Amino acid sequence: MANNRTFTMIKPDAVEKGHIGGILNMITEGGFRIVAMKLTQLTVADAQKFYAVHSERPFFGELVEFMTRGPIVAAILEKDNAVEDFRALIGATNPAEAAEGTIRKKYATSIGENAVHGSDSDENAAIEGAFHFAGREQF
Ligand code: RTP
Ligand code: MG
């Protein structure tokens, strides 16, 4: 995946609450082009792999349970400086610390259930996007 792309998930909490439309609206208003998208559900193995960097953390079990409890929206987004700009648009991991105007400020309820994921590097964006989408599904 090119360096002007990032990967996102609308997490199960936000999907359950009917916030898919509101979040996609903030994403497109923020200048991101959706180049791949689907509703899907992570298996326990998927979530353990996706968040392997946190496997030793005390919240890991809770995180895997949360991320697998219902459908997510997976998407690849395109914009100049996509990874960094999208992290700015989603806001801090803990919504109590998220800036006004960010997705997590508006839609997240706690540090655990924080509505949306954004890749943290170009390298991870490429890995995460390729996990969910074949080349012909990316536009
Ligand atoms: P994400 O990977 O989902 O985009 O979130 P992030 O970069 O902002 O935060 P990260 O440090 O990568 O943490 C991944 C996810 O783990 C959950 N978490 N829970 N209970 C806790 O203290 C805690 N800390 C992190 C959150 O769902 C966070 O998004
Ligand atoms: Mg992260």
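For clarity, every value in this text was computed on a predicted model and none was experimentally measured. One numbering rule holds for all chains: residues counted from 1, following each sequence as written. Going through the entries in the order they are written, you letter the chains from A and number the ligands from 1. A pLDDT threshold of at least 70 governs which residues receive local features in this predicted model, and a stricter bar of 80 or more applies before side-chain atom pairs are shown or counted, although totals over entire chains, interfaces and linings include all residues.

Looking now at the overall build of the protein. Numbering of helices and strands starts at the N terminus; helices are DSSP runs of H or I of at least 4 residues and strands are runs of E of at least 2. For the protein, the count of helices and strands is seven helices and four strands. Along the protein, from the amino end to the carboxyl end, the secondary structure elements read β-α-α-β-α-α-β-α-α-β-α. Radius of gyration here is computed from C-alpha atoms only, and the compact-globule reference equals 2.2 Å multiplied by the residue count raised to the power 0.38. A compact globule built from 139 residues would reach a C-alpha radius of gyration of about 14 Å, and the protein, at 14 Å, matches this within 12%. Reported as C-alpha extents along the three principal axes, the dimensions of the protein are approximately 35 × 35 × 25 Å. The buried share of the protein, reckoned over its 139 residues, is 35%. Residue burial here comes from a neighbour count, namely the number of other C-beta atoms, placed from the backbone, that lie within 10 Å of the residue's own C-beta, with 20 or more meaning buried, 12 or fewer meaning exposed, and in between meaning partly exposed.

So, on to the environment of Val-44. Along the polypeptide, Val-44 turns up in helix H3 (residues 44-50). Distance in space between the C-alpha atoms of Val-44 and Thr-68 is 6.2 Å, their sequence separation being 24 residues. Each residue gets a C-beta atom placed from its backbone, and two residues are in contact if those atoms lie within 7 Å. With residues near it in sequence (within four places) discarded, Val-44 still touches Val-64 and Thr-68.

Looking now at the site of ligand 1. Nearness here has a simple definition: the residue's C-beta atom, placed using the backbone, must lie within 6 Å of the molecule or strand. The local shell around ligand 1 consists of His-54, Phe-59, Leu-63, Thr-93, Ile-111, Gly-112, Asn-114, His-117, Gly-118 and Asp-120. Residues that form the shell around ligand 1 fall into these classes: three nonpolar, six polar and one charged. Three classes are used, and their members are as follows: Ala, Val, Leu, Ile, Met, Phe, Trp, Tyr, Cys and Pro are nonpolar, Asp, Glu, Lys and Arg are charged, and the others, Gly among them, are polar.

UniProt positions are given in the numbering used here, feature names are shortened, and annotations may be inferred rather than shown by experiment. In the numbering adopted here, UniProt assigns the feature "active site" (unreviewed entry) to His-117. Within the secondary structure, His-117 is located in strand E4 (residues 116-118). With 20 C-beta atoms packed within 10 Å, His-117 lands in the buried category. Ignoring anything within four residues of it in the chain, the contact list for His-117 reads Thr-8, Met-9 and Lys-11.

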